[in-house]
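# Topology and contacts: notes
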Amino acid sequence: MTLSDYFEEIESLEFQIQFTVLSGLSSVEFALARNSIVTSMLDLAKGDVLLVQELYRRISYLLPKVAGETKLSYDESIIAYLYCLKKTDPLWAYRASEIIWDTDGLLWSRWLAYKIIEFQHQVDASLNLSSPEPSSYPINDTPTYPVPKISFQGILMETA
Amino acid sequence: MSLQYFGLQKPIFARNGWEIPQPNPLVLEKFRQTEELVSIQTVELVDELLRKGKTELHIRSVSAHMYDCVGLIFANRRSWIDIEHIDNILQHDGYQPVSIDDLVSGDVVVYTLAKKRVHVGLVTNVMPAMGSVPNIRVLSKWGKHGEVEHRLEDVPYYLGEPSEYWSERAPHDLKRLF
């Protein structure tokens, strides 16, 4: 199967419904790890930079469609792509997490994106880089939660 | 990270005072669904499952409020509580394992997939078994969707299979007295 074939499968209603019933991020990741479509796509993308970038582009393509969706929101499709990015390329996973984090209407994808961003902050903090500490995030009565500036150094050092 | 931070989330405690972890409110902040959307999604979901032969599903309710299967049973539909905490919750609330033969309405069923706890439901009715097949009805919340009443074993694949039964009743052989 090509990457396009996997996209078609993963964005189908049947695929999304399987994961939308779950009760926590740990369960979703556990289920994704056991799904044959996801694991096959992961195998295909591993080690292929162009395919990894295609996963990121596919997330970018889907995000604007989330708000207009009336049945399912592609949340499960997006987290499947983000899960694969996380497993293949932390840098692209972090970039994807940033744009996912700013998209309303997602649950699982934003949950995983938060986890990836938070992890990166911890890495940066442990390396004493310039990433802001959690306590410096904006806190007010009507919170907005902008994603902090990216620091790729931690990722690059981690994957080196 | 404190659950009360930002004032967006109230703490929930188990019977012995243990604070039950809830997802970071930042995660849930931008996830808002209307009841209409939840209804459409739930009907789609149940239709899909009905087509696959699980024919005894009944949608009890849909709600745009954020709660899941654990929140339904242990937080009165007030909160989303990750299923990964179910073991601690059962322990801190004083639940004990029971056999399937001792189940009564109000007891709890834990579903597992490859030995991982992935779902929990509330027993609503225990009827005489049909041969060797248990005839038990369960109410559970299916992720972001509605509450569904279903046969014990009729849940989507990734919600696993019924494998553990728990009750806070004590003593658990009380029903033999009646």
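What comes next is a walk through the structure. Residue numbers run consecutively from 1 along every chain, following the written order of its sequence. Just so you know, chain letters begin at A and ligand numbers begin at 1, following the order they were written in. Whole-chain, interface and lining totals are the exception, using all residues; otherwise, since this is a predicted model, local features are given only for residues with pLDDT of at least 70 and side-chain atom pairs are given and counted only at 80 or more. Excluding hydrogens and water, the side-chain values take into account all heavy atoms of the structure.

### Notes on the pairing of strand S3 (residues 108-113) of chain B
All names here are of chain B. Our working rule: Residue burial is assigned from relative accessible area. The probe radius is 1.4 Å, only protein chains are included, and a residue is buried under 20% of its type maximum, exposed over 50%, and partly exposed in between. Strands are runs of DSSP state E lasting at least two residues, helices are runs of H or I lasting at least four, and both sets are numbered from the N terminus onward. Paired strands, as defined in this entry, are two strands with at least two bridges between them according to DSSP.
Summarising burial for S3: 6 of the 6 residues are buried, a large majority. Residues Val108, Val110 and Thr112 of S3 are buried on one face, and the alternating residues Val109, Tyr111 and Leu113, pointing to the opposite face, are buried as well. Pairing of S3 with strand S4 (residues 116-130), which is carried by 6 bridges, proceeds in the antiparallel orientation. Considered in S4, the bridge of Val108 is made with Leu122. Hairpin remark: S3 followed by S4, antiparallel, with 2 residues in the connecting loop; positive phi at Ala114, about 50°. Of the strand pairs in this sheet, S3 and strand S7 (residues 161-167) are connected by 5 bridges, and their pairing is antiparallel. Considered in S7, the bridge of Val110 is made with Glu164.

### Focus on the packing of aromatic side chains
Definition in use: Think of it this way: a Phe, Tyr or Trp ring, Trp meaning its six-membered ring, pairs with another when their centres are within 6.5 Å, and the plane angle makes it stacked under 30 degrees, edge-to-face over 60, tilted otherwise.
Scanning all chains against the criterion turns up 10 aromatic pairs over all chains. Between Phe7(A) and Tyr81(A), the ring centres sit 5.2 Å apart and the planes meet at 75°, which makes this aromatic pair edge-to-face. Here Tyr81(A) lies in helix H6 (residues 75-88) and Phe7(A) lies in helix H1 (residues 3-10), a separation of 74 residues in the sequence. Residue Phe7(A) shares its accessibility class with Tyr81(A), and that shared class is buried. Ring geometry for Trp111(A) and Trp80(B): centres 6.5 Å apart, planes at 70°, overall edge-to-face.

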